[in-house]
Amino acid sequence: MLKSLLRYQSGGGNVSENHTRKKLYENGVTNSLHSNFALLLKLSEELLDKWLSYPESQHVPLCQHMLGFAMKSVTQIVMGSAFEDDQEVVHFQKNHGTVWSEIGRGFLDGSLDKSTTRKRQYEDALMQLESILKKIIKERKGRNFSQHIFIDSLVQGNLNDQQVLEDSMIFSLASCMITAKLCTWTICFLTTSEEVQEKLYQEIDQVFGKDPVTPEKIEQLRYCRQVLCETVRTAKLTPVSARLQDIEGKIDKFIIPRETLVLYALGVVLQDPSTWPSPYKFDPDRFDDESIMKTFSLLGFSGMQECPELRFAYMVTTVLLCVLMRRLRLLSVEGQVIETKYELVTSSKEEAWITVSKRD
């Protein structure tokens, strides 16, 4: 979808070439997460320490903190140690925000091409992001580093520089937003249900006890995965999917011309009452049902069809929850009403506030 919206042209090879490129992309996610698990723990613990320092009455700007956490995680895991410098992250975040906002509305409603100022700002921001990626791709080629990052998997594959640039750009853009919003919505929903929050805490305590969080044991967190799946569904995290029609198509009597941007209304399907009883209720237990999980997988939110950016977000959010839940209770702010904004990734219209309290 993002490739179409960014108007990237590389690819279009045969089925074998496209499959190879897809596997490199997926392996990049797997390998970079494994290599940087300690980094995820460190960033999660830094956020925990920040929240522990607050008085219990202090309102925490959840959206702001989760976006910052996601940006730090993604930039370092995708592009490496240069982004240990917070100023580099801030610079990236500024350009990312410009590009993402225009992808989310400017392309979809056609308004970008009607404003020369906005289009110039968008193109400048995209060029700066591409310049950063090109520099890192050049630095990583033919060299070995102790830290394996996402770009390394692409560079070591049989891809040309443009393909590496496009795939790393798409992953960087999408995973920042999906990770930030998955973290945000998960914590928001947890603050509304003491029962779900306590059940999740008990599972984390049962699996890890006082031991460190490890990638091997994370696989045992079945209820945590149910919480994340239900968050994706209830929040309609990615309400639309889209792709360019490769060839002319036909639905009933309607012709879909080649190169038409086709939108899929996933948000409607995710809250269809014929599939999801009490569709607006946040209920992770519904994913105990294997048939429900199969339906979720067929929509691309789990299993073999799961998109790599969402798989990345699931892992990052899981690590964060393990770190936070062991030490904190997450509480809602009384009287707050969170209104939803539906774009490529669903967000709140305004800042979402929470408070935290220390566990005994």
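Model, not experiment: these values are computed from the prediction.

Student: Summarise the overall build of the protein chain; cite the residues concerned and give the values.
Tutor: The helix and strand inventory of the protein chain stands at 14 helices and nine strands. The globule rule puts the C-alpha radius of gyration for 360 residues at 21 Å, and the 21 Å found for the protein chain is close to it. Principal axes of the C-alpha set define a box for the protein chain whose edges measure 60 × 55 × 40 Å. When burial is assessed residue by residue, the protein chain has 52% of its 360 residues classed as buried. Considering only intrachain contacts with a sequence separation of at least 6, the fraction spanning at least 24 residues in the protein chain is 73%.

Student: Got a sec to walk through the environment of Glu306? Specific residues and values, please.
Tutor: Secondary-structure assignment places Glu306 in the loop between helix H13 (290-298) and helix H14 (308-325). For the pair formed by Glu306 and Phe296, sequence separation is 10 residues and the distance between their alpha carbons is 9.4 Å. In this structure Glu306 touches Arg225, Gly300, Phe301, Arg311 and Tyr314, once residues within four positions along its chain are discounted.

Student: Now, about helix H4 (residues 62-79): what can you tell me, with residues and values included?
Tutor: An α-helix turns once every 3.6 residues. As a result, residues three or four positions apart point the same way. Taking 1.5 Å of rise per residue, 18 residues should cover 26 Å, and H4 covers 25 Å from first to last C-alpha, within 8% of that figure. Burial within H4 is extensive, with 14 of its 18 residues counted as buried. Within two residues after H4, Gly80 carries a phi angle of roughly 100°, on the positive side.

Student: Which residues make up the packing of helix H9 (residues 194-208) against H14, and what are the values?
Tutor: Put simply, H9 and H14 touch, their axes get as near as 10 Å, and they point 95° apart. Put simply, H9 runs roughly perpendicular to H14. Where H9 approaches H14, its residues Gln197, Leu200, Tyr201, Ile204 and Phe208 are matched on the opposing element by Leu321, Cys322 and Met325. Grouping the amino acids of the contact of H9 with H14 by side-chain chemistry returns seven nonpolar, one polar and no charged.

Student: Explain the sheet that holds strand E1 (residues 60-61) to me, using residue names and the numbers behind them.
Tutor: In space, the three strands of this open sheet follow the order E1-E9-E6, with antiparallel pairing throughout. On the outer flanks of this sheet lie E1 and strand E6 (328-332), each paired with one strand and no other. Relative to strand E9 (residues 353-358), E1 runs antiparallel, the two being bridged by two bridges. Directly across from Pro61, in E9, lies its bridge partner Trp353.

Student: Go over unusual backbone geometry, please, and point to the residues and values.
Tutor: Non-glycine residue Lys236 carries a positive phi angle of around 50°. Within the secondary structure, Lys236 is located in the loop between helix H11 (222-235) and strand E2 (241-244). We classify Lys236 as buried; its relative accessible area is 17%. The backbone phi angle of Ser278 is positive, close to 45°, even though this residue is not glycine.

Student: Mind laying out the pattern of salt bridges, listing which residues take part and the relevant values?
Tutor: Oppositely charged side chains can pair when the atoms bearing their charge come close. Taken as a whole and assessed by the stated rule, the structure comprises 17 salt bridges. One salt bridge in this structure joins Glu290 and Arg222, with 3.8 Å as the shortest N-O distance. On the criterion of sequence distance, the pair formed by Glu290 in helix H13 and Arg222 in helix H11 is long-range, its members being 68 residues apart. A residue is classified by how much of its surface remains accessible, and Arg222, at 45% relative accessible area, is partly exposed. Note that Lys349 and Glu339 form a salt bridge whose closest N and O atoms lie 3.7 Å from each other. Of the two residues, Lys349 sits in the loop between strand E8 (347-348) and E9 while Glu339 sits in the loop between E6 and strand E7 (340-341), which places them 10 residues apart along the sequence. Looking at Glu339, the relative accessible area reads 49%, which means it is partly exposed. Through salt bridges with shared partners, a single network forms among Arg21, Glu166 and Asp167.

Student: So, the environment of Leu39: which residues are in play, and what are the values?
Tutor: Secondary-structure assignment places Leu39 in helix H3 (residues 37-52). Spatially, the C-alpha atoms of Leu39 and Met177 are 19 Å apart, while their sequence positions differ by 138 residues. Excluding anything up to four places from it in sequence, Leu39 contacts Gln76, Ile77 and Gln147.

Student: I'd like a description of the packing of aromatic side chains, backed by residues and values.
Tutor: Going through the model one piece at a time under the given rule, you end up with 10 aromatic pairs. Between Phe83 and Phe92 the ring centres are 6.0 Å apart and the planes differ by 80°, which places this aromatic pair in the edge-to-face class. Summarising the burial analysis for this pair, Phe83 and Phe92 share the class buried. Taken together, Tyr25, Phe150, Phe171 and Phe312 form an aromatic cluster joined through their ring pairs.

Student: Break down the side chain of Thr191 for me, with residues and values.
Tutor: With respect to the helices and strands, the residue Thr191 is situated in helix H8 (residues 161-191). Among the polar contacts made by the side chain of Thr191, one reaches the main-chain carbonyl oxygen of Cys188 at a distance of 2.6 Å. Those residues within four positions of Thr191 in sequence are excluded, and the remaining contacts are Gln197, Leu330, Leu331, Ser332 and Ile354.

Thresholds applied
Position numbers for residues start from 1 in each chain and track the written sequence from start to end. A pLDDT threshold of at least 70 governs which residues receive local features in this predicted model, and a stricter bar of 80 or more applies before side-chain atom pairs are shown or counted, although totals over entire chains, interfaces and linings include all residues. With hydrogens and water stripped out, all remaining heavy atoms of the structure feed into the side-chain values. Numbering of helices and strands runs from the N terminus; a helix is a DSSP stretch of H or I covering at least four residues, while a strand is a stretch of E covering at least two. Only C-alpha atoms enter the radius of gyration; for comparison, a globular chain is expected to reach 2.2 Å times N to the power 0.38, where N is the number of residues. Burial classes follow relative accessibility: with a 1.4 Å probe on protein chains only, a residue under 20% of its type's maximum area counts as buried, one over 50% as exposed, and anything between as partly exposed. Whether two residues are in contact is decided by their heavy atoms: any pair within 4.5 Å suffices. By definition here, a helix of n residues has an expected span of 1.5 Å times n minus one. Every angle, taken between N-to-C directions, lies between 0 and 180 degrees, and every axis is a line fitted to C-alpha atoms, over only the stretch in contact when it is a helix. Here roughly perpendicular refers to angles of 65 to 115 degrees, roughly parallel to angles under 35, roughly antiparallel to angles over 145, and oblique to all remaining angles. In this count, Pro and Cys sit with the nonpolar residues alongside Ala, Val, Leu, Ile, Met, Phe, Trp and Tyr, while Asp, Glu, Lys and Arg are called charged and the others, Gly among them, polar. Between any two strands, at least two bridges found by DSSP are needed for them to pair. For this document, the term salt bridge refers to a Lys or Arg side-chain nitrogen within 4 Å of an Asp or Glu carboxyl oxygen. Two rings belonging to Phe, Tyr or Trp (six-membered ring only in the last case) form a pair when the distance between their centres is within 6.5 Å. Interplanar angles under 30 degrees mark stacking, angles over 60 mark edge-to-face geometry, and anything in between is tilted. Within 3.5 Å is the distance limit for a polar contact, defined as a pair of N or O atoms, with the added protein rule that one can donate a hydrogen and the other accept it, and that residues adjacent in sequence qualify only through two side-chain atoms.

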